Each structure stands twice: as C-alpha cells, then as structure tokens.
Amino acid sequence: MGQSHKQQKDHNITMKGRKTLEITGVKQVESFDNEEFLLETEMGYLSIRGQHLQMKNLDVDEGNVSIQGRVDDLVYLEQGQGDKSKGFFGKLFK
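Residues numbered from 1 in each chain as written. Predicted model: local features only at pLDDT ≥ 70, side-chain atom pairs only at ≥ 80, totals over all residues. Heavy atoms only, no water.

Colleague: Can you lay out the nonpolar core for me, pointing to particular residues and giving the numbers?
Modeller: The nonpolar side chains of a soluble globular protein tend to be buried, and buried together. Grouped together as the largest cluster of nonpolar side chains are 11 residues: L21, I23, V26, F37, L39, L46, I48, L53, V65, I67 and V71. Those elements giving two or more residues to this core turn out to be β2 (20-23), β4 (36-41), β5 (44-59) and β6 (64-76). Residues contacting I67, with those up to four places away along its chain left out, are K19, T20, L21, I23, F37, I48, L53, Q54 and K56. (Core = buried A, V, L, I, M, F, W, Y, C linked by side-chain atoms within 4.5 Å. Buried < 20%, exposed > 50% of the residue type's maximum accessible area, 1.4 Å probe, protein only. Helix = DSSP H or I, 4+ residues; strand = E, 2+ residues; numbered from the N terminus. Contact = heavy atoms within 4.5 Å.)

Right, dumping it as structure tokens:
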C-alpha cells in the first residue's frame, strides 16, 4: 500500500564548510561542469557556481545530489524563462 506516485519532495540544502553541498528535492540535473551546476528543484531552477565542483552522489529516484568543491554562490533563477539554458547563463554572467 505504499505510494509509488511521484509527490513533491522537500527541497533542502545543507552546506558543510563551503566545500560540500547536499541537496534534496532535485527533479533533474540540467547541466554541470567544474564551475557551475544547473539543477531543477522543487523550488525552481538552482544555479550553483564555484571552482573544482564535482558531483559526488546522484540519486534521481530520491532527488538527492551531493556536490563537492569550493562553492562561491547559490542562485535561484526566476520562473517562466522557458527552456532557454543560454538565457539563464547569459543573465548570470553579466
């Protein structure tokens, strides 16, 4: 009788010493490299920027992502900008 339907998961971010991020409520990883991750979360798109970023754990079913590296900033992007990833990055790197 367990519910296997996807329901909204809690979205939380835990940062340890600016070097490790644990993120829950992730719907999908849009893109990533060693300087930026773009995640779709239950609370909208989240951009994580830094240096030497690496994905240490990804559990798509549970919506959990772990990232290590030097974290410089976390930014939630405005809703309603469509699928234009270039638009996200263009606005972020002014």
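Having seen the model, we can carry on.
Colleague: Requested: an account of the pairing of strand β3 (residues 26-32), with residues and values cited.
Modeller: Where β3 meets β4, five bridges bridge the pair, whose relative direction is antiparallel. Residue pairing in the sheet places V29 in a bridge with L39 of β4. Taking the residues between adjacent antiparallel strands as the criterion, β3 and β4 are bridged by three residues. (Pairing = 2+ DSSP bridges.)

Colleague: Could you give an account of the pattern of salt bridges, naming the residues involved and the relevant values?
Modeller: Following the criterion strictly, the structure yields three salt bridges and no others. A salt bridge links D72 to R18, with the nearest nitrogen and oxygen atoms 3.1 Å apart. Of the two residues, D72 sits in strand β6 while R18 sits in the loop between β1 (13-16) and β2, which places them 54 residues apart along the sequence. Classification of R18 as partly exposed rests on a relative accessible area of 40%. Across the pair D73 and R49 runs a salt bridge whose closest N-O atoms are separated by 2.8 Å. Placement of the pair is D73 in strand β6 and R49 in strand β5, with a sequence separation of 24 residues. (Salt bridge = Lys/Arg side-chain N within 4 Å of Asp/Glu carboxyl O.)

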